[in-house]
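Geometric and topological summary
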Amino acid sequence: MISCERFMAELGEYLEGDAAAGIRRQLEEHLSHCRTCWVTYDSVRKTLRIVTDSACFDVSEALSESIVERVMARVRP
Ligand SMILES: [Zn+2]
């Protein structure tokens, strides 16, 4: 199983759909075992959805990455 650090490092790409299939499977497996990472994933995903839904333009990759980082900094223990 991959570590929480690895999960957090890959989370942004995973949410943007950029993670490779092999990594996606490992991240999903980690999510099913690790509640801490699941909560982080869930908060980041919801925040990203609110931002992308309320914006009438495409959220740039850099912006969504900084959002992911900000949310992760808040939810991280
Ligand atoms: Zn974890």
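As a starting point, this report considers the structure included with it. (Residues numbered from 1 in each chain as written. Predicted model: local features only at pLDDT ≥ 70, side-chain atom pairs only at ≥ 80, totals over all residues. Heavy atoms only, no water.)

1. Considering the coordination of the zinc ion
Note on the zinc ion: its protein donors are C4 (SG), H30 (NE2), C34 (SG) and C37 (SG). The metal-donor distances range over 2.0 to 2.3 Å. Around the zinc ion, the 4 donor atoms are arranged such that angles at the metal cover 101 to 115°; this shape is classified as tetrahedral. Read in sequence order, the donor residues for the zinc ion give the motif C-x25-H-x3-C-x2-C. C34 sits in the buried class, given a relative accessible area of 12%. (Donors = N, O, S within 2.8 Å, 3.2 Å for Na, K, Ca; no water. Tetrahedral: all angles 85-135°; square planar, octahedral: opposite > 155°, others 65-115°. Buried < 20%, exposed > 50% of the residue type's maximum accessible area, 1.4 Å probe, protein only.)

2. Re the side chain of T40
Tracing the backbone through its elements, the reader meets T40 in helix α3 (residues 35–54). Setting aside residues up to four positions removed in sequence, T40 forms contacts with M8, L11, M72 and V75. (Helix = DSSP H or I, 4+ residues; strand = E, 2+ residues; numbered from the N terminus. Contact = heavy atoms within 4.5 Å.)

3. With respect to the packing of helix α1 (residues 4–15) against helix α2 (residues 21–33)
The axes of two packed helices give the description: the angle between them and the distance between them. Running from N to C, α1 and α2 point in directions that differ by 120°, and their axes come no closer than 10 Å. Between α1 and α2, the angle is such that the two are oblique. For the pair α1 and α2, the crossing hand works out as left-handed. On α2, the residues that touch C4, R6, F7, E10 and Y14 of α1 are I23, R24, L27, E28, H30 and L31. Each residue belonging to the contact of α1 with α2 can be placed in one class, and the counts come to 6 nonpolar, 1 polar and 4 charged. (Axes fitted to C-alpha atoms, helices over the stretch in contact; angles between N-to-C directions. Parallel < 35°, antiparallel > 145°, perpendicular 65-115°, else oblique. Left-handed = near helix turned anticlockwise from the far one by under 90°. Nonpolar A, V, L, I, M, F, W, Y, C, P; charged D, E, K, R; others polar.)

4. Remarks on α3
Under the 1.5 Å per step criterion, the end-to-end length of α3 is 28 Å for 20 residues, consistent within 8% with the ideal 28 Å. For α3, the complete set of buried residues consists of C37, T40, Y41, D42, V44 and L48. (Expected span 1.5 Å × (residues − 1).)

By themselves, these observations are geometric and do not establish any function.
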